[in-house]
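Report on the structure
Here are the chains, one letter per residue:
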Amino acid sequence: MRSRNPVFSRRGFSRDNGYAGFNAAPQAGGPAVATQGNPYAQGTQGNPYAQPAGNPYAQNPYAQPDQQFGAPPQAPATTGRMTMDDVVIRTASTLGVLVVTAALAWALLPVDDANISRSYGIGIGAALIGMVLALVQSFKRKPTPALILLYAAFEGVFLGVVSSVVDNRIADGAAMQAVIGTMAVFAGVLIAYKAGWIRVNRRFYGFVMAAALGFVLLMMVNLLFAVFGGGDGLGFRSGALGVVFGIVGIILGACFLALDFKQVEDGLAYGAPREEAWFAAFGLTLTLVWIYLEFLRLIAILNSND
């Protein structure tokens, strides 16, 4: 059974067969992609989109109800296959909503001494709503574009407030530096992935998931110590340790980007339905937000130590 959480178990990973296409033989006479564990492969075994022999619509998940009970087969309403244009358009739409709401939050929620408490409260509330929406979408079997765009909108409000606080009260220009850093990581990982310098396989996936789980648990423990003990908790987000953990967070984000690129590549190779492009956009947005926040936190730590 495949997990639906795009953060800690990217779509395409199966508990039974590992990552789609890993350690499986290519199809004869076809492109050099594997079918074992591939959720979009053209063979019938284990492929939820395959058409079995005989009646091509007997078990088609997109067929009309009367076609499932021996009625004469009719061409199903096709949803199309995912293309790179679909991924680019949906990712741009999601990021566009996030950027617009972040800019509005920056402009409309001042962070001066008189208003910072109210603005920060709105930002934290938006972050909590965005987290709930992300979790709901993560465990849904199919993407819901409205849910993904709502997540981007609320996350944008949070990013706008946090960026404004850091930029105006801690480090002038921090937001732009974080944006440039995020873009540089994205471009660097994309080039390395396309050049074959990064090999995304089952071992890579296992290492990234274990490292991410450990990282998140440490941050949660640090947060609990900070809430109940005061100060900076265990010091994982301040001083020299804060710089180290900030760099580790950025590296983990870069690894998640590689997993996102593999997800898109497999979806294109195996003929994923067009709606899967929304999952790709969702995963990429989550990862880019992660990297941006780690850069922003790292810049704040470095400037607070000056």
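How each quantity is defined
- The residue numbering used here restarts from 1 in each chain and proceeds along that chain's sequence as written.
- Residues qualify for local features only when their pLDDT is at least 70, as the model is predicted, and side-chain atom pairs are given and counted only at 80 or more; totals for whole chains, interfaces and linings, by contrast, use all residues.
- The basis for every side-chain value is the complete set of non-hydrogen atoms in the structure, without hydrogens or water.
- Only DSSP runs of H or I with at least four residues qualify as helices, and only runs of E with at least two residues qualify as strands; both kinds are numbered from the N terminus onward.
- A simple rule labels every residue: compare its accessible area, found with a 1.4 Å probe on the protein chains alone, to the largest value its type can have, and call it buried under 20%, exposed over 50%, or partly exposed in between.
- When checking whether two residues touch, look at their non-hydrogen atoms; a contact exists if any pair is within 4.5 Å.
- The method behind every accessible area is Shrake-Rupley, applied with a 1.4 Å probe, and residues are considered shielded solely by the protein chains displayed.
- Residues form patches when they are more than 30% accessible in relative terms and have no salt bridge. Like charges link within 9 Å. Nonpolar side chains (Val, Leu, Ile, Met, Phe, Trp, Tyr) link within 5 Å.
- Salt bridges, as used here, are contacts in which a Lys or Arg side-chain nitrogen is within 4 Å of a carboxyl oxygen on Asp or Glu.
- The quantity called pLDDT is the predictor's confidence in a given residue, expressed from 0 to 100.
- The angle between two axes is taken between their N-to-C directions and runs from 0 to 180 degrees, where each axis is a line fitted to C-alpha atoms and a helix contributes only its stretch in contact.
- Take the far helix as your reference; a near helix turned counterclockwise from it by less than a right angle gives a left-handed crossing, and one turned clockwise gives a right-handed crossing.
- Any residue that is not Ala, Val, Leu, Ile, Met, Phe, Trp, Tyr, Cys, Pro, Asp, Glu, Lys or Arg is counted as polar, Gly included; the first ten are nonpolar and the last four charged.
- We call Phe, Tyr and Trp rings a pair once their centres come within 6.5 Å, taking the six-membered ring for Trp, and we label the pair stacked below 30 degrees between planes, edge-to-face above 60, and tilted otherwise.
- Two N or O atoms form a polar contact when they lie within 3.5 Å of each other; inside protein one atom must be a possible hydrogen donor and the other a possible acceptor, and for residues adjacent in sequence the pair counts only when both atoms belong to side chains.
- Residues grouped as a nonpolar core are buried Ala, Val, Leu, Ile, Met, Phe, Trp, Tyr and Cys residues, joined through side-chain atoms within 4.5 Å.
- Roughly parallel here means an angle under 35 degrees, roughly antiparallel means over 145, roughly perpendicular means 65 to 115, and every remaining angle is called oblique.

Within the protein chain, the regular secondary structure consists of 7 helices and 2 strands. Helices and strands in the protein chain line up, N terminus first, as β-β-α-α-α-α-α-α-α. The 306 residues of the protein chain split such that 46% are buried. Partitioning the intrachain contacts of the protein chain with sequence separation of at least 6 by distance along the chain shows that 68% fall at a separation of at least 24. Roughly 15,700 Å² of accessible area belongs to the protein chain as shown, and the carbon and sulfur atoms make up 65% of that amount.

A word on a nonpolar patch on the surface. A cluster of nonpolar residues, Tyr120, Ile124, Leu128, Met131, Leu135 and Phe139, forms a patch on the protein surface that exposes about 590 Å² of accessible area. The topology assignment puts phenylalanine 139 in the loop between helix 2 (116–138) and helix 3 (145–169).

This brings us to the pattern of salt bridges. Counted under the stated rule, the structure contains 6 salt bridges. When the shortest N-O distance is used, the salt bridge between arginine 90 and aspartate 86 registers 3.5 Å. Linking arginine 90 with aspartate 86, this pair stays in helix 1 (residues 84–108), spanning 4 residues, or about one helical turn. As far as burial versus exposure is concerned, arginine 90 and aspartate 86 are alike and both buried. By sharing partners, the salt bridges in this structure join Asp86, Arg90 and Arg274 into a single network.

Further remarks concern the confidence of the model for the protein chain. Averaged over the protein chain, the pLDDT score is 80; the fraction of residues at 70 or greater is 73%. For the stretch residues 1–35, pLDDT sits under 50, and the model shows 88 contacts to residues farther than four places along the chain or on other chains. Note that residues 46–78 has pLDDT below 50 and, in this model, 44 contacts with residues that lie over four places away or in other chains.

Before going further, it helps to examine the packing of helix 2 against helix 3. Where helix 2 meets helix 3, the closest approach of the two axes is 8 Å, and the angle between their N-to-C directions is 145 degrees. As helix 2 packs across helix 3, the resulting crossing turns out to be left-handed. Across the contact of helix 2 with helix 3, the residue classes tally to 19 nonpolar, 4 polar and 1 charged.

Moving on: the packing of aromatic side chains. Counted according to the given criterion, the structure contains 6 aromatic pairs. For the pair tyrosine 193 and phenylalanine 261, a centre-to-centre distance of 6.0 Å together with 55 degrees between the ring planes defines the contact as tilted. Of this pair, tyrosine 193 sits in helix 4 (residues 174–194) while phenylalanine 261 sits in helix 6 (residues 239–269), and the two are 68 residues apart along the sequence. Accessibility expressed as a relative area gives 10% for phenylalanine 261, which makes it buried. Joined through ring pairs, the aromatic side chains of Phe215, Phe245, Phe256 and Trp290 make up one cluster.

All right, on to the side chain of glutamine 137 then. Here glutamine 137 is to be found in helix 2. Among the residues examined, glutamine 137 registers a relative accessible area of 0% and is labelled buried. Here threonine 144 takes part through its backbone nitrogen, which lies 2.8 Å from a polar atom of the side chain of glutamine 137.

Let's shift gears to the nonpolar core. Core analysis: the biggest nonpolar cluster contains 55 residues, and Val185, Leu257 and Leu259 have the highest contact counts within it. Elements represented by at least two residues in this core include exactly helix 2, helix 3, helix 4, helix 5 (202–229), helix 6 and helix 7 (276–304). If you look at the next biggest cluster of nonpolar residues, it comprises 8 residues, including Val111, Ile116, Val161 and Val165.

The exposure class assigned to aspartate 86 is buried, which follows from its relative accessible area of 9%. The contact partners of aspartate 86, leaving out residues within four places of it in the chain, are Arg81, Arg274 and Ala277.

At a closest axis distance of 8 Å, the pairing of helix 4 and helix 7 adopts a crossing angle of 130 degrees. With respect to their mutual orientation, helix 4 and helix 7 come out oblique. Crossing angle aside, the handedness with which helix 4 passes helix 7 is right-handed. From helix 4, Ala174, Ala175, Gln177, Ala178, Val179, Gly181, Thr182, Val185 and Phe186 reach across to helix 7, where they touch Leu284, Leu288, Ile291, Tyr292, Phe295, Leu296 and Ile299.

Attention now moves to the environment of serine 304. Turning to its location among the elements, serine 304 is positioned in helix 7. Sequence-wise, serine 304 and serine 238 are 66 residues apart; in three dimensions their C-alpha atoms are separated by 8.9 Å.

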